[in-house]
Amino acid sequence: YNREDYTLLKSQFKHQVNEAYIVGNLSYNYWDEYRRSDENQIPAKKNYLLYTLQNKLPNDDHFIWKALGALKEKDIIIVFRLHPGYKNVKENLEKKLKSIDFDDYIIDKNEDVYDSLDSCLLHITQFSSSTLDALLLGKKTLLIDPRGQEYFSEFSEFGNQIKYISNLTEFTKQIYLVNRE
(Lines give C-alpha, C1' and ligand atoms only; values in the text may rest on other atoms or scores of the structure.)
Protein backbone atom coordinates (compact mmCIF):
# COMPACT_ATOMS: atom_id res chain seq x y z
CA TYR A 1 0.00 0.00 0.00
CA ASN A 2 1.07 3.58 -0.26
CA ARG A 3 0.72 6.24 2.43
CA GLU A 4 -1.97 8.19 0.52
CA ASP A 5 -4.21 5.11 0.25
CA TYR A 6 -3.76 4.42 3.95
CA THR A 7 -4.59 8.00 4.92
CA LEU A 8 -7.69 8.04 2.69
CA LEU A 9 -8.92 4.69 4.03
CA LYS A 10 -8.32 5.74 7.61
CA SER A 11 -10.20 9.02 7.09
CA GLN A 12 -13.21 7.13 5.71
CA PHE A 13 -13.48 5.13 8.94
CA LYS A 14 -12.39 7.77 11.46
CA HIS A 15 -15.65 7.56 13.39
CA GLN A 16 -15.86 3.74 13.44
CA VAL A 17 -12.31 2.63 14.27
CA ASN A 18 -9.14 3.95 15.79
CA GLU A 19 -6.76 2.11 13.47
CA ALA A 20 -6.96 0.85 9.90
CA TYR A 21 -4.65 -1.81 8.50
CA ILE A 22 -4.24 -2.73 4.86
CA VAL A 23 -3.03 -6.30 4.75
CA GLY A 24 -3.27 -7.46 1.14
CA ASN A 25 -3.57 -11.15 0.33
CA LEU A 26 -3.05 -12.99 3.62
CA SER A 27 -2.82 -16.39 1.93
CA TYR A 28 -0.01 -15.21 -0.34
CA ASN A 29 1.77 -13.45 2.53
CA TYR A 30 1.68 -16.65 4.60
CA TRP A 31 2.95 -18.76 1.68
CA ASP A 32 5.71 -16.29 0.89
CA GLU A 33 6.92 -16.16 4.49
CA TYR A 34 6.38 -19.73 5.74
CA ARG A 35 5.38 -22.14 3.00
CA ARG A 36 7.35 -21.28 -0.13
CA SER A 37 8.74 -24.58 -1.30
CA ASP A 38 12.07 -25.20 -2.99
CA GLU A 39 10.83 -28.69 -3.81
CA ASN A 40 8.06 -28.16 -6.33
CA GLN A 41 5.98 -31.32 -6.84
CA ILE A 42 6.15 -30.75 -10.59
CA PRO A 43 9.14 -32.54 -12.14
CA ALA A 44 12.08 -30.32 -12.92
CA LYS A 45 11.13 -29.44 -16.46
CA LYS A 46 11.24 -25.70 -16.90
CA ASN A 47 8.84 -25.41 -19.82
CA TYR A 48 5.41 -25.89 -18.35
CA LEU A 49 2.14 -24.04 -18.49
CA LEU A 50 -0.25 -24.15 -15.58
CA TYR A 51 -3.92 -24.59 -16.46
CA THR A 52 -6.18 -24.05 -13.44
CA LEU A 53 -9.45 -25.82 -14.09
CA GLN A 54 -12.98 -24.80 -13.20
CA ASN A 55 -15.92 -26.96 -12.15
CA LYS A 56 -16.26 -28.30 -15.70
CA LEU A 57 -14.13 -28.57 -18.81
CA PRO A 58 -14.50 -26.35 -21.86
CA ASN A 59 -16.82 -27.68 -24.59
CA ASP A 60 -15.46 -30.28 -27.01
CA ASP A 61 -15.22 -27.70 -29.80
CA HIS A 62 -13.24 -25.17 -27.72
CA PHE A 63 -9.93 -24.17 -29.30
CA ILE A 64 -7.91 -25.21 -26.22
CA TRP A 65 -8.15 -28.87 -27.21
CA LYS A 66 -6.46 -28.14 -30.58
CA ALA A 67 -3.96 -25.86 -28.86
CA LEU A 68 -2.66 -28.72 -26.76
CA GLY A 69 -1.27 -30.35 -29.91
CA ALA A 70 0.78 -27.22 -30.64
CA LEU A 71 2.25 -27.40 -27.13
CA LYS A 72 3.36 -30.98 -27.71
CA GLU A 73 5.36 -29.88 -30.77
CA LYS A 74 7.16 -27.18 -28.77
CA ASP A 75 8.30 -29.47 -25.94
CA ILE A 76 6.09 -27.62 -23.48
CA ILE A 77 4.16 -29.68 -20.99
CA ILE A 78 0.95 -28.63 -19.38
CA VAL A 79 0.16 -28.97 -15.71
CA PHE A 80 -3.52 -29.17 -14.86
CA ARG A 81 -4.55 -27.94 -11.44
CA LEU A 82 -7.93 -29.26 -10.40
CA HIS A 83 -10.36 -26.91 -8.71
CA PRO A 84 -10.25 -27.78 -5.00
CA GLY A 85 -14.03 -28.12 -4.85
CA TYR A 86 -14.37 -30.22 -8.01
CA LYS A 87 -11.80 -33.03 -7.97
CA ASN A 88 -14.29 -35.16 -9.94
CA VAL A 89 -13.32 -33.23 -13.09
CA LYS A 90 -10.10 -35.28 -13.21
CA GLU A 91 -11.82 -38.32 -14.75
CA ASN A 92 -13.46 -36.23 -17.50
CA LEU A 93 -10.16 -34.45 -18.16
CA GLU A 94 -8.25 -37.71 -18.52
CA LYS A 95 -10.89 -39.08 -20.92
CA LYS A 96 -10.78 -35.92 -23.02
CA LEU A 97 -6.98 -35.89 -23.17
CA LYS A 98 -6.93 -39.54 -24.20
CA SER A 99 -9.50 -38.86 -26.93
CA ILE A 100 -7.25 -36.19 -28.49
CA ASP A 101 -4.10 -38.31 -28.03
CA PHE A 102 -2.50 -35.85 -25.61
CA ASP A 103 -0.31 -37.51 -23.00
CA ASP A 104 2.37 -34.98 -22.05
CA TYR A 105 0.67 -33.54 -19.00
CA ILE A 106 0.81 -33.63 -15.23
CA ILE A 107 -1.96 -33.35 -12.67
CA ASP A 108 -0.73 -30.81 -10.13
CA LYS A 109 -0.31 -32.14 -6.60
CA ASN A 110 1.20 -29.06 -4.98
CA GLU A 111 -0.70 -28.01 -1.92
CA ASP A 112 -0.32 -24.29 -2.60
CA VAL A 113 -1.23 -22.82 -5.97
CA TYR A 114 1.64 -20.38 -5.47
CA ASP A 115 4.21 -23.21 -5.69
CA SER A 116 2.72 -24.23 -9.03
CA LEU A 117 2.48 -20.68 -10.36
CA ASP A 118 5.92 -19.65 -9.13
CA SER A 119 7.86 -21.57 -11.77
CA CYS A 120 5.41 -21.82 -14.67
CA LEU A 121 5.96 -20.04 -17.96
CA LEU A 122 2.33 -19.04 -18.29
CA HIS A 123 -0.99 -19.46 -16.53
CA ILE A 124 -4.12 -20.52 -18.42
CA THR A 125 -7.64 -20.57 -17.04
CA GLN A 126 -11.23 -20.15 -18.03
CA PHE A 127 -12.03 -17.63 -15.28
CA SER A 128 -10.37 -18.81 -12.06
CA SER A 129 -9.52 -16.44 -9.23
CA SER A 130 -6.03 -17.95 -9.44
CA THR A 131 -5.62 -15.19 -12.03
CA LEU A 132 -5.15 -12.83 -9.09
CA ASP A 133 -2.55 -15.16 -7.56
CA ALA A 134 -0.67 -15.23 -10.87
CA LEU A 135 -0.75 -11.44 -10.95
CA LEU A 136 0.86 -11.33 -7.49
CA LEU A 137 3.69 -13.52 -8.76
CA GLY A 138 4.15 -11.56 -11.98
CA LYS A 139 2.89 -14.42 -14.16
CA LYS A 140 0.89 -13.77 -17.30
CA THR A 141 -2.60 -15.28 -17.46
CA LEU A 142 -4.48 -16.22 -20.60
CA LEU A 143 -8.22 -16.24 -20.01
CA ILE A 144 -9.89 -18.63 -22.47
CA ASP A 145 -13.53 -18.12 -21.59
CA PRO A 146 -15.66 -14.99 -22.18
CA ARG A 147 -16.59 -15.03 -18.49
CA GLY A 148 -12.92 -14.49 -17.67
CA GLN A 149 -12.87 -11.40 -19.83
CA GLU A 150 -15.96 -10.13 -18.03
CA TYR A 151 -14.81 -11.02 -14.51
CA PHE A 152 -11.35 -9.49 -14.87
CA SER A 153 -12.20 -6.47 -17.05
CA GLU A 154 -11.40 -4.11 -14.19
CA PHE A 155 -7.78 -5.28 -14.32
CA SER A 156 -7.11 -3.77 -17.75
CA GLU A 157 -4.52 -1.51 -16.12
CA PHE A 158 -2.23 -4.54 -15.92
CA GLY A 159 -2.04 -4.59 -19.70
CA ASN A 160 -0.45 -7.74 -20.97
CA GLN A 161 -0.43 -9.59 -17.62
CA ILE A 162 -4.07 -10.69 -18.00
CA LYS A 163 -5.19 -11.33 -21.55
CA TYR A 164 -8.40 -12.74 -22.95
CA ILE A 165 -7.82 -15.16 -25.84
CA SER A 166 -10.75 -16.25 -27.98
CA ASN A 167 -9.23 -18.45 -30.68
CA LEU A 168 -6.41 -20.82 -31.62
CA THR A 169 -4.47 -18.23 -33.64
CA GLU A 170 -4.28 -15.80 -30.69
CA PHE A 171 -3.35 -18.63 -28.32
CA THR A 172 -0.57 -19.88 -30.59
CA LYS A 173 0.81 -16.35 -30.90
CA GLN A 174 0.91 -15.97 -27.10
CA ILE A 175 2.68 -19.33 -26.70
CA TYR A 176 5.24 -18.27 -29.30
CA LEU A 177 5.88 -15.01 -27.40
CA VAL A 178 6.23 -16.74 -24.04
CA ASN A 179 8.50 -19.44 -25.41
CA ARG A 180 10.88 -16.74 -26.71
CA GLU A 181 11.25 -14.97 -23.35
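Before reading on, note that the structure itself is shown above.
Presented here is an overview of the structure given in this document. Residue indices follow the written sequence of each chain, beginning from 1 at its first position. Where totals are concerned, whole chains, interfaces and linings use all residues; where local detail is concerned, this predicted model gives features only for residues with pLDDT of at least 70, and gives and counts side-chain atom pairs only at 80 or more. Working from all heavy atoms in the structure, the side-chain values ignore hydrogens and water.

Focus on the side chain of Asp145
Then, number 1: Where helices and strands are cited, they refer to DSSP runs of H or I of at least four residues and of E of at least two residues respectively, numbered from the N terminus. Inspection of the secondary structure assignment puts Asp145 in the loop between strand S5 (141–143) and helix H7 (146–151).
Then, number 2: Residue class for Asp145 comes out buried when judged on its relative accessible area of 11%.
Then, number 3: We call two residues in contact when some of their heavy atoms are within 4.5 Å. Every residue in contact with Asp145, bar those within four places of it in the chain, is listed here: Gln126, Phe127 and Tyr164. To sort residues, take the accessible area from a 1.4 Å probe on protein chains only and compare it with the maximum for the residue type: under 20% means buried, over 50% means exposed, and anything in between is partly exposed.

Overview of the pattern of salt bridges
Then, number 1: Only one rule defines a salt bridge in this text: a Lys or Arg side-chain nitrogen within 4 Å of an Asp or Glu carboxyl oxygen. Inspection of every chain in the model, using the stated rule, returns four salt bridges.
Then, number 2: A salt bridge links Lys96 to Asp60; the shortest N-O distance between them is 3.4 Å. Residue Lys96 is found in helix H4 (residues 89–99), and its partner Asp60 is found in the loop between strand S1 (48–52) and helix H3 (64–73); the two are separated by 36 residues along the sequence.
Then, number 3: You can call Asp60 exposed: its relative accessible area is 62%.

Quick notes on unusual backbone geometry
As a rule of thumb, non-glycine residues mostly have phi less than zero, and peptide bonds are mostly trans rather than cis.
Then, number 1: A positive phi angle is found at Asp101, which is not glycine, with a value near 60°.
Then, number 2: By the secondary structure assignment, Asp101 is in the loop between H4 and strand S3 (105–107).
Then, number 3: The class for Asp101 is exposed, based on a relative accessible area of 58%.

So, the packing of aromatic side chains
Then, number 1: Centres within 6.5 Å make a pair out of two Phe, Tyr or Trp rings, where for Trp the six-membered ring is used; the pair is then stacked when the planes are under 30 degrees apart, edge-to-face when over 60, and tilted otherwise. In the structure shown here, the tally under the stated rule is six aromatic pairs.
Then, number 2: Arranged with centres 5.9 Å apart and planes meeting at 75°, the rings of Phe80 and Tyr105 form a pair that is edge-to-face. In this pair, Phe80 is assigned in strand S2 (residues 77–81) and Tyr105 in strand S3, connecting sequence segments 25 residues apart.
Then, number 3: Ring pairs connect the aromatic residues Tyr51, Phe80, Phe102 and Tyr105, which therefore count as one cluster.

What about the nonpolar core?
Then, number 1: Residues Phe80 and Phe171 are the most contacted members of the largest nonpolar core, which totals 27 residues.
Then, number 2: Of all the secondary structure elements, the ones that give two or more residues to this core are S1, H3, S2, H4, strand S4 (122–125) and helix H8 (168–180).
Then, number 3: A total of five residues in this core trace back to one element, the largest contributor, which is H3.
Then, number 4: Every residue in contact with Phe80, bar those within four places of it in the chain, is listed here: Tyr51, Leu53, Leu68, Leu93, Leu97, Tyr105, Ile106, Ile107 and Asp108.
Then, number 5: Take the buried Ala, Val, Leu, Ile, Met, Phe, Trp, Tyr and Cys residues and link them wherever side-chain atoms come within 4.5 Å; each set so joined is a nonpolar core. One finds Tyr48, Ile77, Val113 and Tyr114 within the second-largest nonpolar core, a separate group that totals 10 residues.

Observations regarding the sheet that holds S3
Then, number 1: A pair of strands is treated as paired once DSSP finds two or more bridges between them. Pairing is parallel across the open sheet formed by six strands, whose spatial order is S3-S2-S1-S4-S5-S6. With one partner strand each, in any of the chains shown, S3 and strand S6 (162–164) form the two edges of the open sheet. Between one strand axis and the next, the sheet turns by 25° as a mean value, whatever way the strands run.
Then, number 2: Across three bridges, the pairing between S4 and S5 is parallel. Each residue of the ladder has a partner; that of Ile124, found in S5, is Leu142.
Then, number 3: On top of the sheet, H3 reaches S1, S2 and S4; it is set at about 140° to S2, its chief contact.
Then, number 4: Each of S2 and S3 touches H4; the most contacted strand, S3, lies at about 170° to it. Orientation is described by lines fitted to C-alpha atoms, with helices fitted over the stretch in contact, and by angles between N-to-C directions that extend from 0 to 180 degrees.

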